[in-house]
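Residues per chain are reported as follows:
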Amino acid sequence: MAEKKTTTKTAAAKKTTTTKAATTKKAVKKVEVVVNAENVGFRAGDVYNALAGAEKAQTVEQIAKEAKITVEEAYLGIGWLLKEGKVKGEGNLITLA
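Residues numbered from 1 in each chain as written. Predicted model: local features only at pLDDT ≥ 70, side-chain atom pairs only at ≥ 80, totals over all residues. Heavy atoms only, no water.

Caption draft 1: Spotlight on the overall build of the chain. Scanning the chain for helices and strands turns up four helices and two strands. Along the chain, from the amino end to the carboxyl end, the secondary structure elements read α-α-α-α-β-β. Relative to its full complement of 97 residues, the chain shows a buried share of 23%. When contacts within the chain are restricted to residue pairs at least 6 apart in sequence, those whose partners lie at least 24 apart make up 54%. Surface exposure of the chain reaches about 7,600 Å², of which carbon and sulfur atoms provide 56%. (Helix = DSSP H or I, 4+ residues; strand = E, 2+ residues; numbered from the N terminus. Buried < 20%, exposed > 50% of the residue type's maximum accessible area, 1.4 Å probe, protein only. Contact = heavy atoms within 4.5 Å. Areas by Shrake-Rupley, 256 points an atom, 1.4 Å probe, with all protein chains shown as cover.)

Set out below in structure tokens:
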């Protein structure tokens, strides 16, 4: 009888270990961003509107979340706006100029 309990515990332990291993794996999502003047211009508009709506300096991640775009697209828009002098960087935060 004691051996059966040990076997049950071992099987439960194996099941738990397998479940933990399966949940720690993350799917890597490949981001593909189209780089052309039209797409970058639209992303610049998204970034500008996100900053104007927030009315304060934000991180790139916050801007991307607010604008519902990827971080890569946020960087494209920020680059466009930096070149035009519409935004400025303050440390790791971006704000309207």
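Okay, back to it.
Caption draft 2: Fine view of the pairing of strand 1 (residues 87-90). Sheet topology note: the strand 1/strand 2 (residues 93-96) ladder contains four bridges and is antiparallel. Bridge pairing in strand 2 places E90 opposite L93. If you look at the hairpin formed by strand 1 and strand 2, you'll find two residues sitting between the two strands, and G91 has a positive phi there, around 70°. (Pairing = 2+ DSSP bridges.)

Caption draft 3: Representation of helix 4 (residues 71-84) in the model. A rise of 1.5 Å per residue sets the reference length of helix 4, with its 14 residues, at 20 Å; its end C-alpha atoms lie 20 Å apart and thus fit the reference within 8%. Turning to helix 4, its buried residues are E73, A74, G77, I78 and L81. The arc enclosing the buried residues of helix 4, seen along the axis, measures out at 135°, which places them on a common side. As for helix 4, its buried residues are in contact with helix 2 (37-54), helix 3 (60-67), strand 1 and strand 2. Of the residues trailing helix 4, G85 is marked for its positive phi of about 80°. (Expected span 1.5 Å × (residues − 1). Arc of directions from axis to C-beta.)

Caption draft 4: A look at helix 3. Those residues of helix 3 lying buried are V60, I63, A64 and A67. Projected down its long axis, helix 3 shows its buried positions confined to an angular sector of 100°, all on one face. Where helix 3 ends, the next residue or the one after it, K68, has phi of about 60°, a positive value.

Caption draft 5: Main features of the packing of helix 2 against helix 3. Where helix 2 contacts helix 3, the two axes come as close as 9 Å, and the packing angle between them is 100°. The angle between helix 2 and helix 3 falls in the class roughly perpendicular. Within the contact between the two elements, helix 2 uses D46, V47, A50 and L51 and helix 3 uses I63, E66 and A67. When its residues are assigned to classes, the contact of helix 2 with helix 3 shows five nonpolar, no polar and two charged. (Axes fitted to C-alpha atoms, helices over the stretch in contact; angles between N-to-C directions. Parallel < 35°, antiparallel > 145°, perpendicular 65-115°, else oblique. Nonpolar A, V, L, I, M, F, W, Y, C, P; charged D, E, K, R; others polar.)

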